Amino acid sequence: MKQIPFLAFPSSEQEALLRALQRAGVPRRGVCVSRFELAVQAARKERAFTTISAPGWSRTYPEAAGDWIHSLERELAEAV
């Protein structure tokens with residue numbers, strides 16, 4: 001398994017996530033975002049997933065789920 005830190009994400013994805021957090025009123029400080037790529041030989045259909053966590057909560061979004069930032073935005077909007 002390979003871990004990809006947030007700062008190695010494409011800049012457009014970084015900016016989209018930061019905007020989503022700002023719109024939801026979630027402070028960036030204390031938020032941890034990483035992507036994990038599984039080995040090609042893995043039996044699971046998804047070969048990558050993104051995790052995001054902050055004090056008190058965490059979520060995992062499989063790559064196969066599509067646009068994980070929109071999923072995160074919906075969950076943050078429902079939580080507020």
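Everything in this summary refers to the structure shown in the same document.

Reading guide: rules and limits
- Residues numbered from 1 in each chain as written.
- Predicted model: local features only at pLDDT ≥ 70, side-chain atom pairs only at ≥ 80, totals over all residues.
- Heavy atoms only, no water.
- Pairing = 2+ DSSP bridges.
- Helix = DSSP H or I, 4+ residues; strand = E, 2+ residues; numbered from the N terminus.
- Axes fitted to C-alpha atoms, helices over the stretch in contact; angles between N-to-C directions.
- Polar contact = N/O pair within 3.5 Å; in protein donor to acceptor, adjacent residues only side chain to side chain.
- Salt bridge = Lys/Arg side-chain N within 4 Å of Asp/Glu carboxyl O.
- Buried < 20%, exposed > 50% of the residue type's maximum accessible area, 1.4 Å probe, protein only.

Ordered by their spatial adjacency, four strands build an open sheet running β1-β2-β3-β4, and the pairing between neighbours is antiparallel. A single partner strand is all that each edge strand has here, and the edge strands are β1 (2-5) and β4 (57-62). Here the strands of the sheet are splayed against their neighbours by 20° on average, with no regard to which way each runs. Pairing of β1 with strand β2 (residues 32-37) involves four bridges; the strand directions are antiparallel. Across the sheet, residue Gln3 finds its bridge partner in β2, namely Phe36.

Checked against the element boundaries, Arg74 lands in helix α2 (residues 68-79). For the pair Arg74 and Ala20, spaced 54 residues apart in the sequence, the C-alpha separation amounts to 9.8 Å. At 3.2 Å, the side chain of Arg74 forms a polar contact with the side chain of Ser71.

Working definition: two side chains of opposite charge can pair if their charged atoms are close together. The final tally for this structure, using the stated rule, is three salt bridges. In this structure, Glu13 and Arg35 form a salt bridge, with 2.5 Å as the shortest nitrogen-oxygen distance. With Glu13 in helix α1 (residues 11-24) and Arg35 in strand β2, this pair connects stretches of sequence that are 22 residues apart. In this pair, the class of Glu13 matches that of Arg35, namely buried. Ionic pairing is found between Glu73 and Arg23, a salt bridge with its closest N-O pair at 2.3 Å. You can see Glu73 sitting in helix α2 and its partner Arg23 sitting in helix α1, a full 50 residues away along the chain. By relative accessible area, Arg23 is classed as exposed at 57%.

Don't take any of this as a statement about function, it's just geometry.
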